[in-house]
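Now for the letters of each chain:
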Amino acid sequence: MTAAETIKAGGEAPRRSPYFTEEHEALRDQVRRFVETEIKPHGLAWEEAGFVPREVLKRMGALGFFGIRYPSEYGGSEMDTLATVVLAEELGRSTFSGAAITALVHTDMASVHIFNAGSQAQRDTFMPDIIAGEKIVAVAVTEPDAGSDVKGIRTTARREGDHYVLNGAKMFITNGVHADLYCVAAKTDLAAKPSQSVSIFLVEKGTPGFRVSRALDKHGWRSSDTAELVFEDCRIPAENLLGQEGRGFYAIMSNFQNERTVIGAMAIGEAQAAIDLTLDYVKTRKAFGAPLWDKQAIRQKLATLAGKVEAGRQLVYHAAWLDAQGFEATREVSMVKAYCGELVNEVMYACLQFHGGMGFMRESTIERMTRDARVQSIGGGATEVMLEEVAKRL
């Protein structure tokens, strides 16, 4: 029965997007079920512990969530950018964004470097365990003095015979405490142009000279582990180089497009979840003898935000579709990151306000979500950096 036939028969037509196939929708249903049964009941405990338990990540791997874009030979399902958006959006709707980012860094910000730039031997060795959730990956680019400015990193990798020796520090590394593998950016040629001086290396946990110097205590995303890393004469085999020496900057910048699309989708999921729970709250919470929903100012503010979130959702979907079709989408992806990162904070501010005093309490879901959302306009490229990328392309 077509949607039109369903309506004529008195039923409700399914809400489908022209961007998604039945396979995408099946994935959405599967992730949503996982969120309801595996994340929401346990997320508060993970917030206290400061990380997502490894057995949960293994279950995500077993369900295929970590192999969405990877080949079947490694256990992947060979889907596209839109499938990644589905995963990110639904994890964002969980209301536990620390758990969401733990998974998404593994799938779309770290392991991609091993798959995209790794040798056949590196792929064969690591990708099956990565997709299964047996090994978790972190990407170590950011430093105390270098965030969006990748060219400004100071960590070095000096070639000595059949090894490289790494020295330096990395900051704000998601999955940094509990990861098994680290994709580390370092300068291999200090005399080269900044864009040609950076390389990426695969460093395994336990390598002598590499240590987690401290776990970081964050404002939000408290169920994701975040660390400062230190490399002190850390010797790794030369074959741990990912791709070609001096090409790391381009690999990092290339994957920024995927990372920013993912963060945009996650932010839209968060914003939608906030509106949904706030609607439930204002329709039952009474003030001055009537539900808050009876106040025109509240209804219209939530209606306005719902429209903005829908606009952001369609922008995310379109940018992902462009990427899936092989089109250049740097402008659209930069718009996604700038718009959605700011929008999710606008939504959280209003939704917390409508919760009144309860919104300020740690027992309130919206209080946690508001803290989690704040980083969305910072991580993966600050809003100001994104707007400059858009401006260059106007």
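The name an unreviewed UniProt entry assigns to the chain is Acyl-CoA dehydrogenase, from the organism Bosea vaviloviae. In its Sequence similarities (unreviewed entry) section, the UniProt entry covering the chain states "Belongs to the acyl-CoA dehydrogenase family." UniProt, in its Cofactor (unreviewed entry) section for the chain, records the words "FAD".

1. A few points about the packing of helix H6 (residues 97-117) against helix H7 (residues 120-132)
Helices that pack against each other are described as a pair by the angle of their axes relative to one another and the distance between those axes. Where H6 contacts H7, the axes come no closer than 9 Å and their chain directions differ by 160 degrees. Taken together, the axis directions place H6 and H7 in an arrangement best described as roughly antiparallel. Both H6 and H7 take part in a crossing whose hand is left-handed. Where H6 abuts H7, its residues His 106, Ser 111, Ile 114, Phe 115 and Asn 116 lie against Gln 122, Arg 123, Phe 126, Met 127 and Ile 130. Across the contact of H6 with H7, the residue classes tally to five nonpolar, four polar and one charged.

2. What to know about the layout of surface pockets
Here the largest pocket defines a volume of roughly 910 Å³. Forming the boundary of the largest pocket are 38 residues, of which Thr 142, Phe 172, Thr 174, Gly 379 and Gly 380 lie nearest the centre. For the lining of the largest pocket, the elements supplying multiple residues, two or more each, are H6, strand S3 (163-174), helix H8 (248-284) and helix H11 (365-373). When residues in the lining of the largest pocket are grouped by element, the largest group, five residues, is from H8.

3. A look at helix H12 (residues 383-392)
Within the sequence span of H12, burial applies to Thr 383, Met 386, Glu 389 and Val 390. Each buried residue of H12 sits inside an arc of 120 degrees when the element is viewed along its axis, so together they form one side. Pointing more than 90 degrees away from the buried face of H12 are the exposed residues Glu 384 and Lys 392. In this structure, the buried residues of H12 make contact with H8 and helix H10 (330-354).

4. Digging into the nonpolar core
Within the largest apolar cluster, 94 residues are counted, with the highest numbers of intra-cluster contacts made by Leu 91, Ile 114 and Val 347. Looking at this core element by element, the count peaks at 14 residues for H8. Not counting residues up to four positions away in its chain, the partners in contact with Val 347 are Ala 271, Ala 274, Ile 275, Leu 305 and Val 309.

5. Things to note about the packing of helix H5 (residues 81-92) against helix H9 (residues 296-324)
For the pair H5 and H9, the least separation of the axes is 8 Å and the interaxial angle reads 145 degrees. In this structure, H5 contributes Thr 81, Leu 82, Val 85 and Glu 89 to the contact, and H9 contributes Arg 313, Val 316, Tyr 317, Ala 320, Trp 321, Asp 323 and Ala 324. A breakdown of the residues in the contact of H5 with H9 according to their chemical character gives seven nonpolar, one polar and three charged.

6. What to know about the side chain of Ser 17
Mapped onto the elements of the fold, Ser 17 is located in the loop between helix H1 (3-8) and helix H2 (22-39). A relative accessible area of 14% places Ser 17 in the buried class. When near neighbours in sequence (up to four residues on either side) are disregarded, Ser 17 contacts Glu 25 and Tyr 317.

7. A closer look at the confidence of the model for the chain
Per-residue confidence for the chain gives a mean pLDDT of 94; residues scoring 70 or more make up 96%. Here residues 1-13 scores under 50 on pLDDT; set against residues more than four positions off or in separate chains, the count is seven contacts.

8. What about the environment of Arg 299?
Here Arg 299 is to be found in helix H9. For Arg 299, a relative accessible area of 30% gives the class partly exposed. When the C-alpha atoms of Arg 299 and Leu 279 are compared, they prove to be 9.0 Å apart, with 20 residues separating the residues in sequence.

9. With respect to unusual backbone geometry
Even without glycine at this site, Phe 172 takes up a positive phi of about 60 degrees. For Phe 172, the position within the fold is in strand S3. Residue classification places Phe 172 among the exposed residues on the basis of a relative accessible area of 54%. Even without being glycine, Trp 221 reaches a positive phi, approximately 50 degrees.

10. Some words on H6
In a regular helix each residue adds 1.5 Å, so 21 residues correspond to 30 Å; H6 covers 29 Å between its end C-alpha atoms and thus fits that length. Remark: the principal bend of H6, roughly 50 degrees, maps to Ser 111.

11. Regarding the pattern of salt bridges
Counted by the stated rule, this structure contains 26 salt bridges. A salt bridge links Glu 36 to Lys 40; the shortest N-O distance between them is 2.9 Å. Looking at Lys 40, the relative accessible area reads 32%, which means it is partly exposed. Among the charged side chains, a network of salt bridges with common partners joins Glu 25, Arg 28, Arg 32, Glu 89, Glu 90, Arg 93, Glu 310 and Arg 313.

12. A look at the domain arrangement of the chain
On domain assignment, one finds that the chain holds domain 1 (22-136), domain 2 (138-245) and domain 3 (249-392). The C-alpha-based centres of domain 2 and domain 3 are spaced at 30 Å. With 13 residues of domain 2 at the contact, the number on the domain 3 side is 15 residues. Contact between domain 2 and domain 3 buries roughly 1,200 Å² in total, counting both sides, with carbon and sulfur atoms accounting for 69%. In terms of surface lost to domain 3, no three residues of domain 2 exceed Ser 148, His 219 and Trp 221, which account for 45% of the buried area on that side. At the junction of domain 2 with domain 3, the criterion picks out zero salt bridges. Seen at the junction of domain 2 and domain 3, the total is three residue pairs in polar contact (both at pLDDT 80 or more). For the side of domain 2 that touches domain 3, the class distribution of residues is six nonpolar, five polar and two charged.

How each quantity is defined
- Residues numbered from 1 in each chain as written.
- Predicted model: local features only at pLDDT ≥ 70, side-chain atom pairs only at ≥ 80, totals over all residues.
- Heavy atoms only, no water.
- UniProt positions renumbered as here; feature names shortened; annotations may be inferred.
- Axes fitted to C-alpha atoms, helices over the stretch in contact; angles between N-to-C directions.
- Helix = DSSP H or I, 4+ residues; strand = E, 2+ residues; numbered from the N terminus.
- Parallel < 35°, antiparallel > 145°, perpendicular 65-115°, else oblique.
- Left-handed = near helix turned anticlockwise from the far one by under 90°.
- Contact = heavy atoms within 4.5 Å.
- Nonpolar A, V, L, I, M, F, W, Y, C, P; charged D, E, K, R; others polar.
- 1 Å grid on protein atoms, 1.4 Å probe; cavity = no way out; pocket = protein on both sides within 12 Å on 5 of 7 lines; lining within 4 Å.
- Points joined across faces, edges and corners; volume = space filled by probe spheres on them.
- Buried < 20%, exposed > 50% of the residue type's maximum accessible area, 1.4 Å probe, protein only.
- Arc of directions from axis to C-beta.
- Core = buried A, V, L, I, M, F, W, Y, C linked by side-chain atoms within 4.5 Å.
- pLDDT = per-residue confidence, 0-100.
- Expected span 1.5 Å × (residues − 1).
- Bend = angle between axes of the 7 residues up to and from the residue.
- Salt bridge = Lys/Arg side-chain N within 4 Å of Asp/Glu carboxyl O.
- Domains from an automatic or database assignment.
- Buried area = accessible area lost by both parts, 1.4 Å probe.
- Polar contact = N/O pair within 3.5 Å; in protein donor to acceptor, adjacent residues only side chain to side chain.

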